[in-house]
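If you want the building blocks of each chain, they are given just below.
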Amino acid sequence: MTSHDVVAALRRSLGEKRIGHSGTLDPDATGVLLCGVGSVTRALRFLTILPKTYTAEVVLGVETSTLDSSGEVTATYDMSAVTVDQARLAVVQLTGDILQVPPMVSALKVDGRRLHELAREGIEVERQPRPVTVHSFTVDAGSQAGVLAIEVTCSSGTYVRTLAADLGHLLGGGAHLRNLRRTAIGSFSDLDLSPLDQPVLLAPAVALRDYDRITVDAETAVLVRHGRLLPAPSGDGPWAVVGPDDELLAVYEPFRGEAKPAVVLAGAFDS
């Protein structure tokens, strides 16, 4: 399923048109996809930027046109002598703040065209490296010879298939990705999953649980509903502003020594 397919299924299940997701998951991938319902879709960007964790397998010795198992084989190498210890040393170069060239099968736009659209037409264009952060990159023996099992926690916008391809190059050959699964977005993990035909809705305040919380009284809640500035709390923000009844009122961001509303969500579940 594509992420769009997931949204369409939720619209049918919930009878609600205003549904969006917090970040595309590849059609061949499985796992965690956070979706927003109703007016809460306006806060999804704060979930999109949360770090993500993936598990996958890296198949050594075979490069593909898409950098994963869905593509056509473009090159093969004898990498039978590569060890797990060698791979563990190599991934050190792919950990931390790095520059990554987006794959041609990504949804990024170049001159108004999405890269994957150009790729389907057999067109390859130059892509500028982008800064990403790989917080952790672990490697173990895979399910068969020539396959590595990996787990990656990374910033939003990181392409795990590119990490797999780059790892293959660092080991003296090539590689591609298979069996990609997103196991977590921020603090949301497999334990929070619910099926598409029986989706479980979380309260907006729970959805923003990865951010510092500001709890305000009823009088201040009225000001928040009207988009008023607040004294800057401690921390760098953003902050989830919650009323006395635990309703998520807004998400605030730093602004000239104060805090201003980025999104006001008061009454988001009233409709």
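As the structure is a computational prediction, the values presented were derived from the model and not from experiment.

Grouped together as the largest cluster of nonpolar side chains are 34 residues, with contacts concentrated most on Val-58, Phe-137, Ile-150, Leu-167 and Leu-177. Broken down by secondary-structure element, the contributors of at least two residues to this core are α1 (3–14), β4 (52–60), α3 (84–90), β10 (130–141), β11 (147–154), α5 (160–170) and β12 (175–185). Apart from the residues within four sequence positions on either side, Leu-167 is in contact with Ala-87, Ala-90, Val-91, Leu-94, Phe-137 and Leu-148. Grouped together as the second largest cluster of nonpolar side chains are 19 residues, Leu-44, Phe-46, Val-242 and Leu-265 included.

Gly-237 connects to Pro-238 through a cis peptide bond whose omega is -5 degrees. Along the polypeptide, Pro-238 turns up in the loop between β15 (230–231) and β16 (239–242). Located in the positive-phi region is Leu-67, a residue other than glycine, with phi close to 70 degrees. Residue Asp-246 is not a glycine yet carries a positive backbone phi of 65 degrees. For Asp-246, the position within the fold is in the loop between β16 and β17 (248–255).

Let's shift gears to the sheet that holds β16. Taken in spatial order, the five strands of this open sheet run β14-β16-β17-β18-β15, and their pairing is mixed. Only two strands of the sheet have a single neighbouring strand rather than two, namely β14 (212–215) and β15. In this sheet, strand β18 (residues 258–264) lies alongside β15 in antiparallel orientation, the contact comprising two bridges. Its bridge partner lying in β18, Leu-230 is registered against Ala-259.

Taken as a whole, this structure holds one aromatic pair when the rule is applied. For the ring pair Phe-46 and Tyr-211, a centre distance of 6.2 Å and an interplane angle of 85 degrees mean the geometry is edge-to-face. Here Phe-46 is found in helix α2 (residues 45–48), whereas its partner Tyr-211 is found in the loop between α6 (204–207) and β14, with 165 residues between them in sequence. Assigned by exposure class, Phe-46 and Tyr-211 land together as buried. Here the guanidinium or amino end of Arg-209 rests over the ring plane of Phe-188, the centre of that ring lying 3.9 Å away.

A complete count under the given rule lists 11 salt bridges for this structure. In this structure, Glu-57 engages Arg-178 in a salt bridge whose closest nitrogen and oxygen atoms are separated by 2.8 Å. In this pair, Glu-57 is assigned in strand β4 and Arg-178 in strand β12, connecting sequence segments 121 residues apart. A salt bridge links Arg-88 to Asp-140; the shortest N-O distance between them is 2.8 Å. Residue Arg-88 is located in helix α3, and its partner Asp-140 is located in strand β10; the two are separated by 52 residues in the primary sequence. Residue class for Arg-88 comes out partly exposed when judged on its relative accessible area of 37%. It is possible to trace a salt-bridge network through shared partners that takes in Asp-26, Asp-68 and Arg-161.

This paragraph deals with α1. A rise of 1.5 Å per residue sets the reference length of α1, with its 12 residues, at 16 Å; its end C-alpha atoms lie 16 Å apart and thus fit the reference within 8%. Those residues of α1 that sit buried are Ser-3, Val-6, Val-7, Ala-9 and Leu-10. Considered in projection along α1, the buried side chains sweep an arc of 160 degrees and stay on one side of the axis. Exposed residues pointing more than 90 degrees away from the buried face of α1 are listed as His-4 and Arg-12. Check the buried side of α1 and you find it contacts β1 (19–21) and β3 (35–37). Gly-15 sits one or two positions beyond α1 and adopts a positive phi of about 65 degrees.

Conventions we followed
- In this numbering scheme, every chain counts its residues from 1 along its sequence in written order.
- Given that the model is predicted, a residue must reach a pLDDT of at least 70 before its local features are reported, and side-chain atom pairs must reach 80 or more before they are shown or counted; all residues, however, enter totals for whole chains, interfaces and linings.
- Water and hydrogen atoms were dropped before computing side-chain values, which therefore reflect all heavy atoms in the structure.
- Only buried Ala, Val, Leu, Ile, Met, Phe, Trp, Tyr and Cys residues count toward a nonpolar core, and they belong to the same one when joined by side-chain atoms within 4.5 Å.
- Relative accessible area decides the class of each residue, using a 1.4 Å probe on protein chains only: under 20% of the type maximum gives buried, over 50% gives exposed, and in between gives partly exposed.
- Secondary structure elements are taken from DSSP: a helix is a run of H or I of four residues or more, a strand is a run of E of two residues or more, and numbering for both begins at the N terminus.
- The criterion used for residue contact is that any of the two residues' heavy atoms lie within 4.5 Å.
- Strands are labelled as partners when DSSP assigns at least two bridges between them.
- Aromatic pairs are defined between Phe, Tyr and Trp rings, using the six-membered ring for Trp, whenever the two ring centres lie within 6.5 Å; interplanar angles under 30 degrees are classed as stacked, those over 60 as edge-to-face, and all others as tilted.
- Sitting over a ring, as applied to charges here, requires NZ of Lys or CZ of Arg to be within 6 Å of the ring centre and within 35 degrees of the ring normal.
- We define a salt bridge as a side-chain nitrogen of Lys or Arg found within 4 Å of a carboxyl oxygen belonging to Asp or Glu.
- By definition here, a helix of n residues has an expected span of 1.5 Å times n minus one.
- What the arc covers is the set of directions going from the helix axis to the C-beta atoms.

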